[in-house]
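# Results of the structural survey
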Amino acid sequence: MIKSPRGTRDLLPPDTALWNFVEATVRDVFRAYNFHEIRTPIFESTELFARGVGEETDVVSKEMFTWEDRGRAESDKGQSLTLRPENTAGVVRAYIEHRLGERGLNKLFYIGPQFRRERPQKGRYRQFYQIGAEVIGPPAAGSESPARDAEILELLATLLDRIGITNWTLELNSIGSVADRARFSEALREALEPVVNNMCADCQRRAVTNPLRVFDCKVPEDQPIIKTLPTISEFIDDESRQKFADVRAILDAVGVPYVLNPRLVRGLDYYTRTTFEFTHGALGSQNAILGGGRYDGLSELLGGPKAPGIGFAIGEDRLIMALQETNSPALKGPDAYIAPLGEGMNLEAAKLARELRRQNLVIELGDRNFKLKKSFEAADKMGARYILILGENEVAANAFALKHLASGEQVTVPRAELANRILQK
Ligand code: HAM
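Now for a quick tour of the structure. (Residues numbered from 1 in each chain as written. Predicted model: local features only at pLDDT ≥ 70, side-chain atom pairs only at ≥ 80, totals over all residues. Heavy atoms only, no water.)

## Re the overall build of the chain
Within the chain, the secondary structure is distributed over 15 helices and 16 strands. Seen through its principal axes, the chain has C-alpha atoms that stretch 90 × 60 × 50 Å. Expressed as a percentage of its 425 residues, the buried residues of the chain come to 50%. Residue pairs in contact within the chain that sit at least 24 positions apart in sequence constitute 69% of those at least 6 positions apart. Just so you have it, the chain exposes about 20,800 Å², and 50% of that area is on carbon and sulfur atoms. (Helix = DSSP H or I, 4+ residues; strand = E, 2+ residues; numbered from the N terminus. Buried < 20%, exposed > 50% of the residue type's maximum accessible area, 1.4 Å probe, protein only. Contact = heavy atoms within 4.5 Å. Areas by Shrake-Rupley, 256 points an atom, 1.4 Å probe, with all protein chains shown as cover.)

This is the structure:
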């Protein structure tokens, strides 16, 4: 038997109803904040991620699906391509390529699959889905303002609320400017020197090439050492400090709760200043439901104009897992199951189903060849709220037996009142 590749999975009903509900809801919320959707290719040049995300990150050094694409003709040069492991680099590339900055401050969102060759486990897949947003623009358009950071975080709180996810924690930090980062890296290098020989091979390499990435280490034996290292908050300059205070003041004013986590440096190299993650209790070890932050130098790094930005990506798979813990209304069954009984009744049932569906009810249509018992079983199994019995007598009287499946209560309802009655509970 051929199965789906390791780390990938099929999304099946009834869960797909949750996925659709989530995507419809976030599109609604993005609309309210004047974000516009962007779709970039699922593969890009490998160089984009090497430069944008950083050679020394786990994502780029270990997890990318990369291949050499041979040209098909002389004129068609071969190049190294990679399935996107994240979407920020692609959005910034598109921002530069299409000069989106010249059209003002750009608020973009995306929904789509990303690919990382990680060790699969609960909440971690090789093909996973992100819902992300990026606010990028020239500084003159206000893209550097702490008001943008706070707006993004407030949007996220609203979004999770609208989807029905409670119990999240917003962890917040500032990792300062590029210059602060450089000074911190130096200090880290020094602090690591006497201890790094007792750390894992990855950390020994990181200590030389990119010491900040030591904080991404998951090796349990290394954690006590990592705890003794200096934190970046001691190294950030006055401007970053002031901006971070401004972000927090707005969050306090609008009532979005957060906790400060001075060790939150995030696993990708493009971040500057504000960084954040939302975690959720129900998720186990992969508890980051989303992550993001500011990336003020990324556009220049990719050859573009100065275009500070901030954004986030929600792990949609994990969002759905958290939602499965709740009793989401998105998983409800049809409003009514119509059970036609007797000769010619499929025709009458089709007419009634058409009428009711036009009034926005979700209707499942049975078959007159089913025994009533079988119709009841089917209605029950799919979680229908009502079963509506339609036989010759009902058609003649133009009134139908309507049974509420949970309570067992049955009433006869005239045709014209059916939709209202079904909508009631
Ligand atoms: P990230 O933290 O690498 O950030 O990923 C964001 C979220 O994607 C994570 O918090 C997690 O929920 C989900 N995720 C990551 N890897 C996996 C996986 N293998 N399986 C399931 N879910 C996963 C970024 O990707 C940045 N581009 C976010 C961003 C946007 N920063 C600024 N703008």
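## Side note on the side chain of Ser299
By the element assignment, Ser299 lies in helix α10 (residues 298-301). Residue Ser299 is classed as buried on the basis of its relative accessible area of 1%.

## Quick word on unusual backbone geometry
Here the amide bond leading from Pro13 into Pro14 is cis, since omega sits at 5 degrees, within 30 degrees of zero. Turning to its location among the elements, Pro14 is positioned in the segment before α1 (15-32). A positive phi is found at Arg273, a non-glycine position, where the angle reads about 50 degrees. Mapped onto the elements of the fold, Arg273 is located in strand β9 (residues 272-280). Even without a glycine there, the phi angle at Asn398 is positive, about 55 degrees. For Asn398, the position within the fold is in the loop between α14 (392-397) and β15 (399-404). According to the relative accessible area criterion, Asn398 is partly exposed, its value standing at 35%.

## Observations concerning the site of the ligand
Near the ligand lie 26 residues; those nearest to it are Glu86, Glu118, Tyr125, Tyr271 and Ala288. Between the ligand and Gly315 there is a distance of 3.4 Å, counted from an oxygen atom to a backbone nitrogen or oxygen. For the ligand, the protein covers 95% of the area, taking 660 Å² as the surface of the free molecule. Breaking the shell around the ligand down by element, the ones donating at least two residues are β6 (127-136), β10 (288-294) and β11 (309-315). The biggest single contributor to the shell around the ligand is β10, with six residues. Its residues assigned to classes, the shell around the ligand comprises eleven nonpolar, eight polar and seven charged. (Near = heavy atom within 4 Å. Polar contact = N/O pair within 3.5 Å; in protein donor to acceptor, adjacent residues only side chain to side chain. Nonpolar A, V, L, I, M, F, W, Y, C, P; charged D, E, K, R; others polar.)

## Quick notes on the sheet that holds strand β8 (residues 259-260)
If you walk across this open sheet you meet the eight strands as β1-β5-β6-β11-β10-β9-β7-β8, and the pairing is mixed. Either end of the sheet is taken by a strand with one partner, and the two such strands are β1 (36-37) and β8. The sheet contact formed by β10 and β11 spans five bridges and is antiparallel. If you follow Gly292 over to β11, its bridge partner there is Phe312. (Pairing = 2+ DSSP bridges.)

## Observations regarding the nonpolar core
Nonpolar side chains in soluble globular proteins generally cluster together in the buried interior. Judged by nonpolar contacts, the single largest core of 46 residues is most densely connected at Phe30, Phe276, Phe278 and Phe312. The element that contributes the greatest number of residues to this core is helix α5 (residues 146-163), accounting for nine residues. Counting 45 residues, the second largest nonpolar core, distinct from the first, contains Val59, Val92, Leu212 and Leu298. (Core = buried A, V, L, I, M, F, W, Y, C linked by side-chain atoms within 4.5 Å.)

## As for the pattern of salt bridges
This structure, assessed with the given rule, holds 33 salt bridges. A salt bridge links Glu97 to Arg93; its shortest N-O distance comes to 2.8 Å. Of the two residues, Glu97 and Arg93 both sit in helix α4 (residues 88-97), four residues apart, roughly one turn of that helix. For Glu118, the salt bridge goes to Arg124, with nearest N and O atoms at 4.0 Å. (Salt bridge = Lys/Arg side-chain N within 4 Å of Asp/Glu carboxyl O.)

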